[in-house]
Amino acid sequence: MQAVVLRGNQDGYQLVLDQAASFREIKKTLRELLDNLAADSNATNQISFDVLSNQRLLTAEQNKELEQIFSEYEHFQIHKVIPDVITIEDAIHLKEQDNVHLATQTIRNGQTLEMKGDVLYLGLINEGGRLLTTGNIYIMGTVLGILQAGYPSGEDKVVIGDLQHAQQVRIGEQISIVETDQPAKGSQTVAYVNDLHVLEYGQLSDLKTINPKIYHRMGG
């Protein structure tokens, strides 16, 4: 993968940063890409880009350097920088909402923790343990057992976090056997129920399309 990749969607343009590339490579590739766009473009209006930093959390200084690069191009600007991780700041923001509940306890084999509303989970769910809630689930702990959002039958909820080691993910009455469906590695996975009432996996960067309501609640 190149250090910076340009993508277009219905909302505009995205610049995706390769998490394995050095920041020096990213800046070099970004200048080359913007140079080519400026040479090929006849646009007179301002063009904004969302910068997707994947699992790279940019420092304030790095954000400033990106903004400096864009300032050299008359018609280009950064709309926002979007990391594909739930940061500590994201977690605090979620916790501050009245209907988000923090759970830190260990759920052992054969145990079930049943809650109401959205849950930010920081503990350990052992194999055979279950976490059920009526709302969404945001995972920042370790899940080896079973998760169910939208319990018992709400299909408009999501599960966000590292799901690759879970036994099952359920949303409402829809079930995914994780070992079979193999969600992507990493904390940016989003489990949701699509328009065909099938549970599938997406990426946190696509949350605006998957579930706009939750995307805006998370500061999008």
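Here is what the cut-offs are and how they apply
- Residues numbered from 1 in each chain as written.
- Predicted model: local features only at pLDDT ≥ 70, side-chain atom pairs only at ≥ 80, totals over all residues.
- Heavy atoms only, no water.
- Helix = DSSP H or I, 4+ residues; strand = E, 2+ residues; numbered from the N terminus.
- Buried < 20%, exposed > 50% of the residue type's maximum accessible area, 1.4 Å probe, protein only.
- Contact = heavy atoms within 4.5 Å.
- Expected span 1.5 Å × (residues − 1).
- Arc of directions from axis to C-beta.
- Pairing = 2+ DSSP bridges.
- Axes fitted to C-alpha atoms, helices over the stretch in contact; angles between N-to-C directions.
- Core = buried A, V, L, I, M, F, W, Y, C linked by side-chain atoms within 4.5 Å.
- pLDDT = per-residue confidence, 0-100.
- Phe/Tyr/Trp six-rings, centres within 6.5 Å; stacked < 30°, edge-to-face > 60°.

Helix and strand content of the chain: six helices and 17 strands. Every one of the 220 residues in the chain was classed for burial, and the buried ones make up 45%. For the chain, the share of sequence-separated contacts (at least 6 apart) that also reach a separation of at least 24 residues comes to 39%.

With twelve residues, helix α2 (residues 60-71) ought to run about 16 Å at 1.5 Å a step, and its terminal C-alpha atoms sit 16 Å apart, in line with that. If you check which residues of α2 are buried, you get Q62, L66, I69 and F70. Down the axis of α2, the sector holding all buried residues measures 100°, keeping them to one side. Facing away from the buried surface of α2 by more than 90 degrees, the exposed residues are A60, K64, E67 and S71.

The strand order β6-β9-β12-β14-β15 describes an open sheet built from five strands, whose pairing is mixed. Here the strands that pair on one side only, and so sit at the sheet edges, are β6 (112-115) and β15 (174-177). Geometrically, the sheet is characterised by an average inter-axis angle of 10° between neighbouring strands, direction not taken into account. Bridge count between strand β14 (residues 168-171) and β15: four bridges; the pairing is antiparallel. The partner of I171 across the bridge, within β15, is Q174.

The next point concerns the sheet that holds strand β13 (residues 159-160). One open sheet accounts for six strands, arranged β5-β7-β10-β13-β16-β17; its pairing is mixed. Every other strand in the sheet has two partners, leaving β5 (100-103) and β17 (199-203) as the edge strands with one partner each. Of the pairings in the sheet, the one linking strand β10 (residues 137-139) to β13 comprises two bridges and is parallel in character. Considered in β13, the bridge of Y138 is made with I160.

For the bond running from Y151 to P152, omega is 5°, close enough to zero to count as cis. With respect to the helices and strands, P152 occurs in the loop between β12 (146-149) and β13. Even without being glycine, H197 reaches a positive phi, approximately 65°. Tracing the backbone through its elements, the reader meets H197 in the loop between β16 (189-193) and β17.

Okay, the environment of R31 next. Structurally, R31 is set in helix α1 (residues 23-40). Using a relative accessible area of 33% as the deciding quantity, one classes R31 as partly exposed. Distance from R31 to V4, taken between C-alpha atoms, is 9.8 Å for residues 27 residues apart in sequence. Those residues in contact with R31 that lie beyond four places of it in its chain are I69, E72 and Y73.

With that out of the way, let us pick up the nonpolar core. Ranked by internal contacts, the top residues of the largest apolar core, which has 23 residues, are L131, L147, V159 and V169. Those elements that place two or more of their residues in this core are β6, β7 (118-121), β10, β12, β14, β16 and β17. Apart from residues lying up to four places away in sequence, L131 is in contact with I107, L113, M115, V119, Y121, I125, I137, I146, L147 and Q148. Membership of the second largest hydrophobic core comes to 19 residues, among which are V4, L34, I47 and F49.

The next subject is the confidence of the model for the chain. Confidence in the prediction of the chain, expressed as mean pLDDT, is 85, and 86% of residues score 70 or more. When pLDDT is averaged over each helix and strand of the chain, the minimum, 60, is found for helix α3 (residues 88-96) and the maximum, 97, for β12.

Aromatic ring pairs are defined here through the distance separating the ring centres and the angle between the ring planes. Counted under the stated rule, the structure contains four aromatic pairs. Residues Y13 and F49 carry aromatic rings whose centres are separated by 5.8 Å and whose planes lie at 40° to one another, so their mutual orientation is tilted. With Y13 in strand β2 (residues 12-17) and F49 in strand β3 (residues 47-54), this residue pair connects regions lying 36 residues apart in the sequence. The rings of Y13, F49, F70, Y73 and F76 are connected pair by pair, giving a single aromatic cluster.

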